[in-house]
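Summary of the model geometry
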Amino acid sequence: MPQDSPGLIEVALPVPLFQTFTYAVDPLIRVPVIGSRVVVPFRNATEIGICLGPASPAALPRKVRSIIDVPDVEPVLSANMIALCQWMADYYIVPIGLALRTALPGALAGATQPQPKRKTHRIVRIRADLPTLLEREKVFSRAPQQRAVFELLESIGGRSTLEHLMEKLSFSSSVLKGLEKRGLIVIEAEVVDRDPFATRPSGLPDRHSPTAAQTAAISAVTAAKPGDVFLLNGVTGSGKTLVYIEILKHLVNERGKTGIVLVPEIALTPQTVDRFRAVFGDDIAVLHSALSDGERYDAWLALKRGEKRIAVGARSAIFAPLENLGAIIVDEEHETSYKQGETPRYHARELAIVRARLEGAVVVLGSATPSLESWANAESGKYTLLNLPDRVGGGRLPQIDIVDLRRRGGPDEPREGPASPAYAYVIRDELDSALEAVLGRHEQSILLLNRRGYSSFVLCSECAAVVTCPNCSITLTVHSAPERLLCHYCGHQEAPSQVCKRCGGRTLRQRGLGTQQVERLLSDRFPSASIARMDVDTTSGKWAHAEILDRVASGEVDILLGTQMIAKGLDFPNVTLVGVVDADTGINLPDFRASERCFQLLSQVAGRAGRGPKGGRVIIQTRVPQHHAVVRAVTHDYVGFVAEEMEGRVKPQYPPNVRLANIVFSGSDARAAADLAVAAADWLRELLEKQQIEAVTLIGPAPAPIERIKNRWRWHVLLKSANAGELTRVSRYFMERFLVPANLRVTLDRDPVALL
Ligand code: ADP
Ligand code: ZN
């Protein structure tokens with residue numbers, strides 16, 4: 001605080017209001033500096049806010065309340081982090097207080113617990129030296145047990161956890177108390193760093209020397225200017241991870257900088273994380289989504305203090321409190337999980353670029369199938385394109401074959417052999433023979449079906465009614481073991497009914513295939529094969545993903561079956577077959593990115609095959625073999641796909657040709673939600689006309705493609721503009737001024753990854 005200030009500070013509070021608040025500094029408590037937390041009275045409660053600096057006395061409200069506490073000695077947010085949050089607040093149209101809270105670990109954001117409790121354990125430490133034998137004899141003459149304990153402690157370095165000591169020796173705690181009373185040892189509490197990744201063996205570091213293409217990429221990045229952004233477009237198996245590692249080695253080990261590595265979902269990429277840990281060991285903090293608040297806080301502190309210099313984690317790791325940042329790496333930059341689904345709806349890739357610019361770091365966006373946005377930025381020269389066109393070690397991309405599911409060969413045409421008609425319908429001959437051959441050679445297969453559950457819906461064969469969720473306009477999925485119908489949006493569950501609720505008909509049929517059903521069919525067909533299923537239902541435990549993948553790595557699993565979870569990052573050289581059971585899931589979704597998603601998923605999963613010397617092949621079953629997403633995936637033609645896909649986004653215009661803000665109106669009353677959307681659209685149209693804003697166009701209002709979720713009816717309006725600044729201005733004006741009744745909700749999603 002500058003001396004001349006009247007003792008007033010500006011505070012950002014995590015409340016849904018587009019403003020900051022003025023408070024008086026209490027001279028009896030610590031004076032807050034910019035970026036430190038302050039506990040303040042707000043309405044009838046207390047809130048934890050962030051001090052943004054001295055307040056200007058001009059905007060003084062009548063009554064200024066005093067702050068209650070300043071819990072931190074050091075600020076929790078650096079000036080750069082505040083600037084990053086300010087950008088996030090401006091761009092995504094969220095209150096600054098909410099943006100700042102997002103950047104902090106949960107343990108620091110709670111209103112009731114200003115200082116997180118840290119886990120401690122008890123440590124026993126030798127306090128007095130007893131160098132001579134004579135002394136020892138004297139001290140312990142009548143306490144042989146004490147001597148035994150003392151000497152054990154000496155032999156293990158003079159300190160130990162209490163727990164460990166008690167395990168080693170069976171003596172009563174009075175022995176330790178006796179030693180403590182005599183001042184020979186101390187027993188004290190010590191803070192434990194809890195890092196679940198620490199107990200996982202990390203393996204040996206990659207010892208490969210980079211190929212020419214890898215070397216070119218590494219040198220380009222290490223010679224870059226602060227703020228430069230690179231798009232590393234490397235085919236699957238081209239060795240992108242080694243490029244990331246070499247860049248970090250250079251920046252962190254040689255130039256003393258720090259780094260952030262973003263991965264789509266850390267649970268799905270234990271292999272990638274292990275490779276970083278093998279090289280950087282204790283320098284890495286792994287920010288796992290399953291960390292408790294306390295564990296996350298430990299990692300946060302270690303990064304802030306510079307004890308760890310590389311943060312690896314999913315999207316929120318972009319807020320890692322590192323100073324002296326050298327590089328931000330965004331692996332699989334096209335992944336939608338980088339976008340947060342709730343306020344603030346930020347995209348970690350965008351924040352990476354902004355943060356790098358603020359802190360003078362470089363950014364590497366890596367992918368085999370870059371997002372169209374990043375590709376366009378590389379083409380326009382905003383990003384520098386780096387190519388890894390070939391697989392390392394002379395490996396080739398796998399051969400991909402198509403099986404047309406429309407072809408006959410279904411249940412009405414049973415084949416010879418052990419397969420049931422249902423199996424033969426689901427896994428066609430080509431895929432079945434390939435699976436059999438791979439099993440025979442003791443190699444491994446990966447099978448993708450991007451739909452969990454047993455069957456995707458239940459249909460009445462008399463009136464054609466489909467069983468839907470009572471809360472959402474979504475069909476219920478059939479799950480087995482135990483058998484139940486489940487809504488994948490709201491979690492609603494019900495027992496399967498024997499009769500149609502609409503017409504009373506008694507012939508209800510299950511349609512559409514899920515992973516549970518494929519697992520059952522496969523295990524009937526290949527009873528001696530070991531099959532692992534990986535989807536949301538089998539991976540609820542903290543380490544479930546890693547356990548399944550470790551079993552695949554050890555060769556214990558013959559067939560890994562799963563949803564899109566299995567398409568990412570896996571590097572198993574013994575996988576020589578990848579099968580896609582049904583490529584069409586999602587391709588017909590009413591969303592402009594549906595084809596892009598399908599192409600990415602097929603390319604990524606195909607990339608899991610043939611990563612070793614044995615080579616590999618891919619078989620894709622589909623009903624739409626001519627769809628450009630399928631055709632281009634088969635020929636490994638990313639550039640061709642992009643050219644076709646871009647054409648489809650010109651009329652009507654879609655990103656990257658234009659930018660979007662999707663405004664969703666929702667409420668439990670269908671009519672009220674619709675009315676609000678109509679009123680908002682009118683309000684916006686009038687604004688655009690009056691202000692003569694031609695750069696922004698408005699589409700809608702219309703019901704959202706999924707009309708109802710969790711009992712809320714949903715409508716939306718879409719703003720489009722090629723001019724980002726104008727889009728921000730209009731969006732902000734709307735969000736700050738348009739009045740929303742208390743029972744309804746408006747959310748704005750800038751750069752949405754889906755419009756559902
Ligand atoms: P990507 O992420 O591009 O799909 P990875 O980084 O997983 O590819 O690398 C694929 C495999 O190639 C890994 O097993 C890795 O150890 C190996 N590899 C990477 N670079 C080299 C190299 N220069 N020489 C030999 N093997 C390499
Ligand atoms: Zn539901």
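For the structure itself, look to the data block above.
Residues numbered from 1 in each chain as written. Chains lettered and ligands numbered in written order. Predicted model: local features only at pLDDT ≥ 70, side-chain atom pairs only at ≥ 80, totals over all residues. Heavy atoms only, no water.

1. Thoughts on the overall build of the chain
- A count of helical and extended segments in the chain gives 22 helices and 29 strands.
- In terms of overall dimensions, the chain is globule-like: its C-alpha atoms have a radius of gyration of 30 Å, near the 27 Å expected for 756 residues.
- Going through the 756 residues of the chain one by one, you find that 53% of them count as buried.
- A fraction of 74% describes how many contacts in the chain between residues 6 or more apart in sequence connect residues 24 or more apart.
- About 33800 Å² of surface is accessible on the chain, with carbon and sulfur atoms providing 51% of the total.
- Computed over 90 positive and 84 negative side-chain charges, the inter-centroid distance for the chain is 3 Å. (Helix = DSSP H or I, 4+ residues; strand = E, 2+ residues; numbered from the N terminus. Rg over C-alpha atoms; globule rule 2.2 N^0.38 Å. Buried < 20%, exposed > 50% of the residue type's maximum accessible area, 1.4 Å probe, protein only. Contact = heavy atoms within 4.5 Å. Areas by Shrake-Rupley, 256 points an atom, 1.4 Å probe, with all protein chains shown as cover. Lys, Arg positive; Asp, Glu negative; His and termini not counted. Charge placed at Lys NZ, Arg CZ, Asp CG, Glu CD.)

2. Some thoughts on the coordination of the zinc ion (ligand 2)
- Looking at the metal site, the zinc ion (ligand 2) is ligated by C469 (SG), C472 (SG), C487 (SG) and C490 (SG), spaced 2.2 to 2.4 Å from it.
- Considering all 4 donor atoms around the zinc ion (ligand 2), angles at the metal cover 104 to 115 degrees and the coordination shape is tetrahedral.
- Counting residues between consecutive donors of the zinc ion (ligand 2) along the chain gives the motif C-x2-C-x14-C-x2-C. (Donors = N, O, S within 2.8 Å, 3.2 Å for Na, K, Ca; no water. Tetrahedral: all angles 85-135°; square planar, octahedral: opposite > 155°, others 65-115°.)

3. Focus: the sheet that holds strand 8 (residues 229–234)
- Ordered by their spatial adjacency, 7 strands build an open sheet running 10-11-9-12-13-8-14, and the pairing between neighbours is parallel. Each edge of the sheet is formed by a strand with only one pairing partner; in this case those strands are strand 10 (284–287) and strand 14 (384–388). Adjacent strand axes in the sheet meet at a mean angle of 15 degrees when their direction is disregarded.
- When strand 10 meets strand 11 (residues 310–313), the two strands line up parallel, connected through 4 bridges. Paired with V286 across the two strands is V312, which belongs to strand 11. (Pairing = 2+ DSSP bridges. Axes fitted to C-alpha atoms, helices over the stretch in contact; angles between N-to-C directions.)

4. Quick look at the site of ligand 1
- Taken together, 18 residues form the shell around ligand 1, and within it S209, Q214, G237, K240 and D571 come nearest.
- G239 is positioned with one of its backbone polar atoms (N or O) 3.1 Å from an oxygen atom of ligand 1.
- Contact between ligand 1 and R275: an oxygen atom at 3.0 Å from a side-chain N or O atom of the residue.
- Here the shell around ligand 1 takes 3 residues from helix 9 (residues 240–254), the largest share from any one element.
- The residue makeup of the shell around ligand 1, split by class, is 4 nonpolar, 9 polar and 5 charged. (Near = heavy atom within 4 Å. Polar contact = N/O pair within 3.5 Å; in protein donor to acceptor, adjacent residues only side chain to side chain. Nonpolar A, V, L, I, M, F, W, Y, C, P; charged D, E, K, R; others polar.)

5. As for the sheet that holds strand 22 (residues 531–534)
- One open sheet accounts for 6 strands, arranged 15-25-24-16-23-22; its pairing is parallel. Of all strands in the sheet, those bounded by a partner on one side alone are strand 15 (399–404) and strand 22. If you compare each strand with its neighbour and ignore which way they point, the axes differ by 15 degrees on average.
- Where strand 24 (residues 575–580) and strand 25 (residues 617–622) come together, 4 bridges link them in parallel fashion. Within the sheet, the bridge partner assigned to L577 lies in strand 25 and is R617.

6. Structural notes on the state of the cysteines
- One pass over the full model with this rule turns up 0 disulfides.
- With no disulfide of its own, C460 lies 3.7 Å from the sulfur of C503, the closest cysteine sulfur.
- Of all cysteine sulfurs in the structure, the one in C500 sits closest to C463, which takes part in no disulfide; the separation is 3.7 Å. (Disulfide = S-S within 2.5 Å.)

7. Here's the deal with the packing of helix 9 against helix 10 (residues 270–280)
- Put simply, helix 9 and helix 10 touch, their axes get as near as 11 Å, and they point 30 degrees apart. For the crossing formed where helix 9 meets helix 10, the hand is right-handed. On the side of helix 9, the interface is formed by T241, Y244, I245, L248, K249 and N253, while helix 10 contributes T272, R275, F276, V279 and F280.
- Its residues placed into classes, the contact of helix 9 with helix 10 shows 6 nonpolar, 3 polar and 2 charged. (Left-handed = near helix turned anticlockwise from the far one by under 90°.)

8. Considering the packing of helix 5 (residues 144–155) against helix 7 (residues 173–181)
- The geometry of helix 5 relative to helix 7 is characterised by a closest axis approach of 9 Å and an angle of 80 degrees between their N-to-C directions. With respect to helix 7, the element helix 5 is oriented roughly perpendicular. Where helix 5 approaches helix 7, its residues Q145, Q146, V149 and F150 are matched on the opposing element by V175, L176, G178 and L179.
- Residue classes in the contact of helix 5 with helix 7 are distributed as 5 nonpolar, 3 polar and no charged. (Parallel < 35°, antiparallel > 145°, perpendicular 65-115°, else oblique.)

9. Considerations on the pattern of salt bridges
- On inspection of all chains with the given rule, the structure shows 42 salt bridges.
- Where R406 meets D404, a salt bridge forms, and the shortest distance between an N and an O atom there is 2.8 Å.
- On the basis of relative accessible area, R406 is assigned to the partly exposed category, the value being 47%.
- Put simply, E736 and R732 hold a salt bridge, and the shortest N to O gap is 2.6 Å. With E736 and R732 both in helix 22 (residues 724–737), this residue pair falls 4 residues apart, about one helical turn.
- Accessibility expressed as a relative area gives 37% for E736, which makes it partly exposed.
- Each of R136, E137, R147, E151 and E154 takes part in salt bridges that share partners, so that together they form one network. (Salt bridge = Lys/Arg side-chain N within 4 Å of Asp/Glu carboxyl O.)

10. Describing the environment of M166
- Its location among the elements puts M166 in helix 6 (residues 162–168).
- Sequence separation of M166 and T635 is 469 residues, and the distance between their C-alpha atoms is 64 Å.

11. Considerations on the environment of K690
- As for its placement among the helices and strands, K690 is situated in helix 21 (residues 670–690).
- On the basis of relative accessibility, which here comes to 66%, the residue K690 falls in the exposed class.
- With 376 residues separating them in the primary sequence, K690 and A314 have C-alpha atoms 43 Å apart.

12. Re the packing of aromatic side chains
- One pass over the structure, following the stated rule, counts 17 aromatic pairs.
- Where W375 meets Y638, the ring centres are 5.0 Å apart and the plane angle is 80 degrees; that geometry is what we call edge-to-face. Placement of W375 in helix 13 (residues 372–379) and of Y638 in helix 20 (residues 638–647) is noted, with a sequence separation of 263 residues between them.
- Judged by relative accessible area, W375 falls into the buried class, the value being 8%. (Phe/Tyr/Trp six-rings, centres within 6.5 Å; stacked < 30°, edge-to-face > 60°.)

13. Quick look at the side chain of S337
- Within the secondary structure layout, S337 lies in the loop between strand 12 (325–331) and helix 12 (348–359).
- For S337, the residues in contact, after removing those within four places along its chain, are P264, E265 and R315.

14. Quick notes on the nonpolar core
- Core analysis: the largest hydrophobic core is formed by 93 residues, its most contacted members being L77, F319 and L560.
- If you tally residues by element for this core, the top one is helix 1 (residues 79–92), at 8 residues.
- Non-local contacts of L560, meaning those with residues more than four positions away in its chain, are made with S445, I446, L447, A532, M534, I548, L549, V552, I566 and L570.
- Counting residues in hydrophobic clusters, the runner-up holds 28 residues, among them L232, Y244, V263 and V312. (Core = buried A, V, L, I, M, F, W, Y, C linked by side-chain atoms within 4.5 Å.)

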